[in-house]
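Residue-level listing of the chains:
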Amino acid sequence: MNNRSIDEHPWRQARAAITARRITLCLLAIAASACTEASFPPDGSMDPKAIVSQYMGRFTEPPRQVPSFHSVDGPITGNGDIGLTVSGPPECQRYWISKNDFWKSGPDFKQCGPSLIGGIDVHATALKGASYDVKQILYEPVIASTFSAADNTVSMEARVLATANLIALDLKASNAPVLVELDLWAKDGYGSVTANGHTEGVFWVTRSFNADNLLYPTEATIALRISPSGGTSFTLEPGKPVTVIASVMTNHESADHTALARQAAGKLTPADVRELRARHNAWWRGFWARSYVTIEDKLIEKHYYASLYIMACCSRNANFPPGLYGNWITMDRTAWAGDIHLNYNHEAPFWALYSSNRVDITDSYDAPLLEHVEIFKQNARTYLNKKGAYASVGIGPKGLTSRFFDKEGMDKVYKKQCPDGSYYHLAGQPMFLGQKSNAVFAATNMILRYHYTYDRAYIEKVYPYLSEVAAFWEDYLVCENRRYVIYDDSFGEVGPWQGKGWDKRYGDFNPIVSLGLLRVFFRAMIDISQDLNRDERRRRQWSHILANLSDLPVSSQDGRKRFRACEGGNGSASGIVGLNWVMLHGLVFPACNIGLSSEPEHLNMIRNDMREWTDKVWVDHGNAFQTLFISAARVGYDPDFLLAKAREKIAKYSYPNLWIRAGGGGIETCSGIPGLINEMMLQSHRGIIRVFPVFPSDQKAAFYRLRTFGAFLVSSAIEAGVVRHVVIESEKGRQCNIVNPWPNSEARLLRDGKAAEEVSGDIFRLTTKPGEKLVLMPIPPS
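Engineer: Go over helix H11 (residues 456-476) with me, naming the residues and quoting the values.
Structural biologist: The end-to-end C-alpha separation of H11 is 29 Å, in line with the 30 Å expected for 21 residues at 1.5 Å each. The largest bend in H11 is about 50 degrees, located at Val462, with the proline Pro464 one to four residues further on. Its side-chain oxygen 3.1 Å from the backbone nitrogen of Ala457, Asp455 forms the N-cap of H11.

Now the structure itself:
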C-alpha cells in the first residue's frame, strides 16, 4: 500500500494549484481596477494637485535680467499667446506685455523678429522700502506679489487668463489706504507708430509696424479698465480690492483689434471676471492631469513641471509659435532676432511635450513651415537649381525669412573681419549658413508626432511639406559607386562673422547629421505614404535611397571605432573625429537611429565617447543640454550620473523663475528635464517599448499616462528595482511589443479589467484594439 498522505495525491495538488491561481487572478483583477485615473498607482500617491502645487518660483528681490536681450529672469506667466513678466521695486511694479503674433517683418534679421508691445506700471509710493515677496505659482498659475511696509501689506495677483486673451490684475491692501497710479504704455521706436486714448473708462494704447519695406503690417492694442474706480489713479482701501482688466489683441486676429480690445475690457462685470478665473484654473488643472510623474529627487521633479509650465504659457497660438525666447519679449531686438531657428532651436522645445502627452501644445510648431513651402521651393530653384524645399536657418511667421543685410549693411557688420568683401554675394539672401539639412531637420518633429499619435488628420495636413522635403533630397543626393552621397553640405553654421577665409569652410561631404536625419525621414515617408495611399511610384525611389544611403561616417583609430562629423570634404567639420553633441541629432535623437534595440557596438561607441566629456559639455555648454540628456538616456547611460549632472545644471543655470538658461538660445531647454525623465521611465525604439529602462535601481518612482511610439499611453511604478505593474492604453489599436518588466517571470494580462491571458518571454507581443486598456501584473511564484 502507498503510504503517501491524501494531501499529496496528484489530483488534490492540481486542484490546489488551480485554486491558488484563481485567487491570484482575483487579486490581480482587484489590483488592476485600482489603476485608474482617480487613483494611480494603487496606493493613491499620485495626485497631480498634490504634486504640482508644492512647486513655485520664489523671488525675494526684483529681477536683474528684465528687460533682457536673452531670456528673462523675472516671474513669468502666460496663456500660450500673451506673455507677462514683471520687474521693478515694490513702489513701481512694471508688467511687460508681449504676444506671439507681434512681429516686425523687416527686410533683414536686424529688422525682424518678435517685439515688445508695451506694459502696465503700478506706482505706489507708500511701498518704497517695503519687503519683496513674489511667487510664480504653477498649478493654478498666478504671479502673486506681497509687499509689506510698516503695518500695511499690499498684494498684487496677476493672471493671464487661460481661456481668453485677457490679463487680470487684482490689488488688495490689508490695513491702510494706499494711493495707486497706473500707467499704461506702448513701446516706441524701432520704426513703430504708437497711439493712445481713453473712452468711457477704458484706456488704450496701440503699437504698429506699417512701413513699406515690411513683408506685412503688425498692429497691437492693449485696452485697460479699472474696476471699480474707472480711473488710472485711485486709493486702494482695505477690504475693497481693485481689479485691473487688460485686453490684448492684434491685427492678425481682427482688423478691428482696437475696437474689439476696448469692448472686451469694458464689458466685463465682476461676475464675468470670477467666471474667467474659474475657467483659467480649470484649464490648468486639466493640463496637469494629462500625465504626471513622481520621483525621489524633488529638485528635478520641480523643474520637470516648471518646464512644462513654461511651454504651456508660450505655445498655444496655433498660427504663431514662440520664437527663441518664448512670449516674454522685453525689448525690440533680441539675440539672433528671437526668430524661428530651424537647425535645432525651433524643434527642441517641443520634444518632451510629445512624450508628456501634451501634443496639442505642439500645434503651433508646423504653421511657419507650412507657410514657407512655396518659399523653400523657390530657394531650391534660385540658389541650387534643384526641386523641392530648401530651407534657410532663420524664419518667422507668415512667410517671413531672416535675411542678410544689403551691401552697405554687410560692410557695417563684417568689413572689419573680412576686408576683402568676400560676403557681398550674400547680401539680401536668406541665411542658409551652408546647411542643406534645415528642412529635413524640421520634418523630424512632424515624424515624431506621427509616431507618437498615428493621427491621420495631422499627417495629411503636413504631408505637402514632407513631400517637398523628399523632392529636394531626391534631386540633391548624388548616386555614385552604388551609393547616395551628399556634397557641399555643412555640419555647422558657416558665415562671414567667422572672419577671413570663412568662405573656404564650406564643403562637408556626407555630414553625419544629414545622413542620420535622412535615414529616419525616408523610412517614415515610406510608412506614411503607405498609410495615406499616396506616392506609390516615389515610394520605390525612397526605398532605393534608404537601402543605398551612405553609411554613417566612422573612423578607426588604434583599433577604436568612433563616429565622425563628416566622411570628408573641405568643410570646417570635415576633420572632426569622435562624438560631438551635435552628432546626436542624427544618431540618437530626434533621429532615433541608435537606441537600446541597436547593435551593442554602436551603443558602446557613443557611451565610450560620452565618458570622456567633461562638465564643459555635460553642464556648461550653452546649447547641448536637452539633446545630450535625452540622447544619453536613450543609449542607456548611467542614470545616477545623469541625475547628478542634471542637478548641477539646474543649480548653476536656473533662474528663480525656474527657466534653465542657455547661452545659445532660450526655451529649447524646456525639453531637457522632462525629456530626460520621460526617457528614463519609458522608451520605444524599433517598435519595442521599455518600462524604466534607465532608472536608478534604488529609487522609487511612478508615472501616469506618458505617451510613446505606437499611440500608446503607459503608466507604471517601480520600487526597489521591481516594476509593480504596467497599464497600457491603446489609442489606435496597433501591435504593442514590450520588454518583459519581470525578467524570467510570467505576467497576467488583463484587458479592460478582465483577465485575458498569461504572457511570457523576453518580449510580450500584444495585439490591441482602439481604446483598449491593458494591465500587466507579475504573477507571484507559486
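Engineer: With reference to specific residues and values, describe the side chain of Ser68.
Structural biologist: Note that Ser68 resides in the loop between strand E1 (56-59) and strand E2 (76-78). Classification of Ser68 by relative accessible area gives buried; the value is 5%. A polar side-chain atom of Ser68 sits 3.1 Å from the main-chain carbonyl oxygen of Ser71. Filtering out sequence-adjacent residues up to four positions away, Ser68 remains in contact with Thr330, Met331 and Thr334.

Engineer: How would you summarise the side chain of Asp489 if you had to cite specific residues and measurements?
Structural biologist: Within the secondary structure, Asp489 is located in the loop between strand E22 (483-485) and strand E23 (508-511). For the buried residue Asp489, which engages in no salt bridge, the nearest side chain bearing the opposite charge is Lys436, 5.2 Å off. One polar contact links the side chain of Asp489 to the main-chain amide nitrogen of Lys436, over a distance of 2.8 Å. Residues in contact with Asp489, not counting those within four places in the same chain, are Gly434, Gln435, Lys436, Ser437, Trp473, Tyr476, Gly507, Asp508, Pro511 and Ser514.

Engineer: Before we move on, can you summarise the environment of Ile340 with the specific residues and values?
Structural biologist: Looking at the element boundaries, Ile340 is found in strand E19 (residues 340-341). A relative accessible area of 1% means that Ile340 is categorised as buried. Each C-alpha atom of the pair Ile340 and Gly687 lies 32 Å from the other, and the pair is 347 residues apart in sequence. Residues contacting Ile340, with those up to four places away along its chain left out, are Trp103, Pro321, Pro322, His346, Pro368, Val393, Gly394, Ile395, Gly396 and Pro397.

Engineer: An account of the environment of Thr269 is needed here, citing residue identities and associated values.
Structural biologist: Within the secondary structure, Thr269 sits in the loop between helix H3 (257-267) and helix H4 (270-289). Here Thr269 falls in the partly exposed class, since its relative accessible area comes to 35%. Separated by 41 residues in the primary sequence, Thr269 and Pro228 have C-alpha atoms spaced 9.9 Å apart.

Engineer: An account of the sheet that holds strand E31 (residues 722-730) is requested, with residue identities and associated values reported.
Structural biologist: A sheet is described by the order of its strands in space; here seven strands give the open sequence E18-E29-E30-E31-E36-E33-E34, paired in antiparallel fashion. Strand pairing shows two members of the sheet lacking a second neighbour, strand E18 (292-294) and strand E34 (754-759), which therefore form its edges. The mean angle between the axes of side-by-side strands here comes to 20 degrees, regardless of whether they run parallel or antiparallel. Sheet topology note: the E31/strand E36 (residues 772-778) ladder contains five bridges and is antiparallel. Among the inter-strand pairings, Val726 is bridged to a residue of E36, identified as Leu776. On top of the sheet, helix H5 (residues 298-314) reaches E18 and strand E29 (701-708); it is set at about 170 degrees to E18, its chief contact.

The rules behind these values
Residues numbered from 1 in each chain as written. Predicted model: local features only at pLDDT ≥ 70, side-chain atom pairs only at ≥ 80, totals over all residues. Heavy atoms only, no water. Helix = DSSP H or I, 4+ residues; strand = E, 2+ residues; numbered from the N terminus. Expected span 1.5 Å × (residues − 1). Bend = angle between axes of the 7 residues up to and from the residue. Polar contact = N/O pair within 3.5 Å; in protein donor to acceptor, adjacent residues only side chain to side chain. Buried < 20%, exposed > 50% of the residue type's maximum accessible area, 1.4 Å probe, protein only. Contact = heavy atoms within 4.5 Å. Lys, Arg positive; Asp, Glu negative; His and termini not counted. Salt bridge = Lys/Arg side-chain N within 4 Å of Asp/Glu carboxyl O. Pairing = 2+ DSSP bridges. Axes fitted to C-alpha atoms, helices over the stretch in contact; angles between N-to-C directions.

In short, geometric facts, not functional conclusions.
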